[in-house]
Amino acid sequence: MSRLELDRSESWLTREELDAARERLPILYVDAVPVRVDERGALTAVGLLLRASDGAINRELVSGRVLYHERVRDALIRHLEKDLGPMALPQVPASPQPFTVAEYFPTPGVTPFHDPRQHAVSLAFVVPVAGDCQPQQDALDLAWLTPDEAVAPSMLEEMDGGHGVLLRQAMAHLGHAV
């Protein structure tokens, strides 16, 4: 285990410490829209997770916290592999650039992004994945949809907390009509 891995394992907060921090500080997150692209780099499919939480089943993007002493690029790779499996092969550039910054508030209506647990700031990325993806952890399913299917009103209604807004912004960023 490298020194960096040792430092990172010590940076986890206890549940009580995390809850206390969430009450006082914005927490940094990454959101990722996993996509498939053809040999020319044109978008062919968008991956959406299906998760059960708080008694509801929703479609979601890959999302998670950036740890203390962790590069944003490493956080993206970690969350993509955690949710899509170790063989997802995410193609994250050496210096990733977000397509937007989303600010989640515990109070609904401040922005389109809502997280009842905390105030969070998320850097949002579109990330091509080249490998075999299988839903992992608490994800029930992973659906690969065409860009038009992904932004269909019925699909966006299945997305909670602002993930549908992020998906529409990602598609617009890629030049698709939304």
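Residues numbered from 1 in each chain as written. Predicted model: local features only at pLDDT ≥ 70, side-chain atom pairs only at ≥ 80, totals over all residues. Heavy atoms only, no water.

*Asks:* Describe unusual backbone geometry, naming the residues involved and giving the relevant values.
*Replies:* Glycine aside, residues mostly have negative phi angles, and peptide bonds mostly take the trans form. The phi dihedral of His69 falls on the positive side, at around 70°, and the residue is not glycine. Note that His69 resides in the loop between strand E4 (62–65) and helix H3 (72–84). At Leu89, a residue that is not glycine, the phi angle is positive and equals roughly 55°. Relative to the helices and strands, Leu89 resides in the loop between H3 and strand E5 (100–104). (Helix = DSSP H or I, 4+ residues; strand = E, 2+ residues; numbered from the N terminus.)

*Asks:* How would you sum up the packing of aromatic side chains? Please name residues and give values.
*Replies:* For the structure shown, the criterion picks out one aromatic pair. Summarising the aromatic geometry, the rings of Tyr104 and Phe113 are spaced 5.4 Å apart at their centres and angled 55° between planes, so their arrangement reads as tilted. Taking the relative accessible area as the measure of exposure, Tyr104 reaches 6% and is therefore buried. Classification of Phe113 by relative accessible area gives buried; the value is 6%. (Phe/Tyr/Trp six-rings, centres within 6.5 Å; stacked < 30°, edge-to-face > 60°. Buried < 20%, exposed > 50% of the residue type's maximum accessible area, 1.4 Å probe, protein only.)

*Asks:* Let's hear about the nonpolar core: which residues, and what values?
*Replies:* Of all hydrophobic cores here, the largest spans 26 residues; its most connected members are Val33, Val46, Leu48, Leu166, Leu167 and Met171. Among the elements of the structure, strand E1 (27–37), strand E2 (43–53), E5, strand E6 (120–128), strand E7 (139–145), helix H5 (153–156) and helix H6 (163–173) are those that each provide at least two residues to this core. Not counting residues within four places of it along the chain, the set of residues in contact with Val33 comprises Val46, Leu61, Phe99, Phe125, Val126, Val127, Leu167 and Ala170. (Core = buried A, V, L, I, M, F, W, Y, C linked by side-chain atoms within 4.5 Å. Contact = heavy atoms within 4.5 Å.)

*Asks:* How would you sum up helix H2 (residues 15–24)? Please name residues and give values.
*Replies:* Every buried residue belonging to H2 is among Leu18, Ala21 and Arg22, and all of these are buried. Projected down its long axis, H2 carries its buried residues within an arc of 100°, all on one side. Facing away from the buried side of H2 by more than 90 degrees, the exposed set consists of Glu16, Glu23 and Arg24. Structurally, H2 contributes buried residues whose contacts are with E1 and E4. (Arc of directions from axis to C-beta.)

*Asks:* Now, about the pattern of salt bridges: what can you tell me, with residues and values included?
*Replies:* Enumeration according to the criterion identifies nine salt bridges in this entry. Put simply, Asp83 and Lys82 hold a salt bridge, and the shortest N to O gap is 3.0 Å. Since its relative accessible area comes to 29%, Lys82 is described here as partly exposed. Because the salt bridges share partners, they merge into one network encompassing Arg51, Glu60, Lys82, Asp83 and Asp138. (Salt bridge = Lys/Arg side-chain N within 4 Å of Asp/Glu carboxyl O.)

*Asks:* Break down the confidence of the model for the protein for me, citing the residues and quoting the values.
*Replies:* Taken residue by residue, the protein gives an average pLDDT of 91. The fraction at 70 or more is 94%. Per-residue pLDDT, averaged within each element of the protein, yields its smallest value for helix H1 (residues 3–9) (48) and its largest for E6 (98). Contacts for the low-pLDDT stretch residues 1–7, under 50 throughout, to residues beyond four places or in other chains number two contacts. (pLDDT = per-residue confidence, 0-100.)

*Asks:* Outline the pairing of E2, supporting the account with residue identities and numerical values.
*Replies:* Side-chain positions along a regular strand alternate between the two faces of the sheet. Summarising burial for E2: eight of the eleven residues are buried, a large majority. Sheet analysis places E1 next to E2, joined by three bridges and oriented antiparallel. When the bridges of E2 are listed, Val37 appears paired with Leu43. What sits between the antiparallel neighbours E1 and E2 is a turn of five residues, in which Gly41 has the positive phi angle 90°. By the bridge criterion, five bridges tie E2 to strand E3 (residues 56–60) in an arrangement that is antiparallel. Within E3, the position partnered with Arg51 by the bridge is Asn58. (Pairing = 2+ DSSP bridges.)

*Asks:* Please provide a residue-by-residue account of the side chain of Glu60, values included.
*Replies:* Among the structural elements, Glu60 can be located in strand E3. Taking relative accessible area as the criterion, Glu60 reaches 18% and is therefore assigned buried. Engagement of the side chain of Glu60 in a polar contact is seen with the side chain of Arg51, the distance being 2.8 Å. (Polar contact = N/O pair within 3.5 Å; in protein donor to acceptor, adjacent residues only side chain to side chain.)

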